[in-house]
Amino acid sequence: MAISIPRHVETLNPYVPGKPIEETEREYGVTGAIKLASNENPLGPSPLAIKAVAENLGKLHLYPDAASFYLKKKMATLLGVASEELVLGNGSNELIELLVRTLMDGEDEAIISRGSFAMYKVALHAHNRRYIEVPARDFFYDLEAIAAAMTPRTKLIFLANPDNPAGTWFGKAPFEHFLEDVKRRNPDTLVVMDEAYFEYVEAEDYPDSLRYRRQYPNIVTLRTFSKIYGLAGLRLGYGILDARLANYLERVRMPFNVSAAAQAGAMAALEDKAHIERSRKVNREGLAMLIPAIESMGARVVPTQTNFVFIDLKRPAAPVNEALLRKGIIVRPVGNYGFPNALRITVGTAAENDALLAALRSALASPT
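Residues numbered from 1 in each chain as written. Predicted model: local features only at pLDDT ≥ 70, side-chain atom pairs only at ≥ 80, totals over all residues. Heavy atoms only, no water.

Peer 1: Before we go on, may I ask you to explain helix α12 (residues 317–326) in this structure?
Peer 2: Each turn of an α-helix holds 3.6 residues, which means side chains three or four residues apart point in the same direction. Those residues of α12 that fall on the buried side of the exposure criterion are Ala317, Val320, Asn321, Leu324 and Leu325. Viewed end-on, α12 has its buried residues packed into an arc of 140 degrees, placing them on one side of the element. α12 presents Ala318 and Arg326 as exposed residues on the side facing more than 90 degrees away from its buried surface. In this structure, the buried side of α12 is in contact with α2 (21–28), β11 (329–330), β12 (332–333), β13 (342–346) and α13 (350–365). Two residues or fewer after α12 comes Gly328, characterised by a positive phi angle close to 80 degrees. (Buried < 20%, exposed > 50% of the residue type's maximum accessible area, 1.4 Å probe, protein only. Helix = DSSP H or I, 4+ residues; strand = E, 2+ residues; numbered from the N terminus. Arc of directions from axis to C-beta. Contact = heavy atoms within 4.5 Å.)

Peer 1: Help me understand the pattern of salt bridges in this model?
Peer 2: Charged atoms that come close allow side chains of opposite charge to pair. Under the definition given, this model contains 23 salt bridges. Close ionic contact of Glu40 with Lys35 constitutes a salt bridge, the shortest N to O distance being 3.1 Å. The closest approach of N and O atoms between Arg185 and Asp181, which form a salt bridge, is 2.9 Å. Of this pair, Arg185 and Asp181 both sit in helix α8 (residues 172–185), four residues apart, roughly one helical turn. Each of Glu195, Asp208, Arg211 and Arg223 takes part in one network of salt bridges that share partners. (Salt bridge = Lys/Arg side-chain N within 4 Å of Asp/Glu carboxyl O.)

Peer 1: Would you take a moment to explain the nonpolar core for this structure?
Peer 2: A general tendency of soluble globular proteins is for nonpolar side chains to be buried together. Leu99, Ile146, Leu156, Phe158, Leu159 and Phe178 are the most contacted members of the largest nonpolar core, which totals 56 residues. The contacts of Ile146, once residues within four sequence positions are left out, are Ile111, Ser113, Val134, Tyr141, Ile157, Leu159 and Phe178. (Core = buried A, V, L, I, M, F, W, Y, C linked by side-chain atoms within 4.5 Å.)

Peer 1: I'm lost on the side chain of Asn164 in this one. Help?
Peer 2: One can find Asn164 in the loop between β5 (154–160) and α8. A distance of 2.7 Å separates polar atoms of two side chains, one belonging to Asn164 and the other to Arg344. Other than its neighbours up to four places away in sequence, Asn164 contacts Asn39, Gly115, Ser116, Phe117, Tyr197, Phe308, Tyr337 and Arg344. (Polar contact = N/O pair within 3.5 Å; in protein donor to acceptor, adjacent residues only side chain to side chain.)

Peer 1: Would you take a moment to explain the environment of Leu143 for this structure?
Peer 2: When you line up the elements, Leu143 lands in helix α7 (residues 143–148). When the C-alpha positions of Leu143 and Phe175 are compared, they lie 7.6 Å apart, and in sequence the two are 32 residues distant. Discounting residues that sit within four places of it in the chain, Leu143 has contacts with Leu159, Phe170, Pro174, Phe175 and Phe178.

Peer 1: What should I look at first to understand the sheet that holds strand β9 (residues 300–301) in this one?
Peer 2: In sheet architecture, strand pairing relies on hydrogen bonds along the backbone and comes in two forms, parallel and antiparallel. Here four strands make up an open sheet; going across it, the order is β9-β10-β13-β12 and the pairing antiparallel. Only two strands of the sheet have a single partner each, and these edge strands are β9 and β12. In this sheet, β13 lies alongside β12 in antiparallel orientation, the contact comprising two bridges. If you follow Pro333 over to β13, its bridge partner there is Leu343. Seen against the sheet, α12 touches β12 and β13 and runs at an angle of roughly 35 degrees to β13. (Pairing = 2+ DSSP bridges. Axes fitted to C-alpha atoms, helices over the stretch in contact; angles between N-to-C directions.)

Peer 1: Explanation requested: the sheet that holds strand β6 (residues 190–194) in the structure shown.
Peer 2: As summarised here, the arrangement of the seven strands in space is β2-β8-β7-β6-β5-β3-β4, forming an open sheet in which the pairing is mixed. Of all the strands in the sheet, the pair left with one neighbour each is β2 (86–89) and β4 (130–134). The mean angle between the axes of side-by-side strands here comes to 20 degrees, regardless of whether they run parallel or antiparallel. Sheet topology note: the β5/β6 ladder contains five bridges and is parallel. Its bridge partner lying in β6, Leu156 is registered against Leu190. Contacts from helix α5 (residues 92–103) reach β2, β5, β6, β7 (219–224) and β8 (237–240), with the element oriented near 165 degrees to β5. α8 rests against β5, β6 and β7 of the sheet, and its axis sits at about 155 degrees to β6.

Okay, structure coming up:
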């Protein structure tokens, strides 16, 4: 068929997810593969969430609550916001796409940081929207340069804090200076704060964007149940933004985008404080184990406030990644982000971390 494809779709580079366990085992003939590629919680979901989802299975013939009324009500209370300021999505990826699709027209621009989360660029490119990429500074966001790149057409600025794939973050002082700079240049520009790893952050100077919303109503906060809550397979993210703008996103989003199972699992996961604390503890101990061990192998570990480490091998990463796959260890190469010498590695359980370190040590001992 000679169907014409729009150029912006023809040239779109799709998002590349982490390699699945089943594919790795099939392709490399290994068993018991360990996946440390997608920043999933190694402890899995909350037992309370598993129970809630199981109890919901008998209702699979019914459509879910399209408004997610009870989940929104619980989240609003916990977050200290109004239900009308919450928008739920099929993962926070859907919310990124919704923001672009709903709020930008052909003349608007967005600003992103080069090498940051790929979905910002994918969503913008898919909708044929203009964007400016601002270089990072040694894997950290350059907030001053981002503000300086603003034009009268700047509608959205996407900031990941902490960043993915680097794991770096910016503190309160530079963030507050940035918000004032944006306000001075164009107070109607929306600052989209992607805080997918918020629950893992331990830095004292970290700026929780929800605390700034009263003074800066142009802030949009995105968070997810995919990381510390361990519900990546259910696909549930949420945005907190001005109620008027939230209403427009609700008009555009597809109905029933959040499944009944996701709603039930999230309701229960929010109650399981013990699981959250165990997850933080495992992550804290895992970072303390991985960082010095990897650095002792000659690689650079970029500072992180997430559940993963970004390592600069100072040599091409592709052969190292291939060697790890042959041993059944799945990590994330980030060459498509512009970092051909780096790998992103999720913090696993103690046993998974031990296996990763042994395989990485063997791979780095081999000649390039």
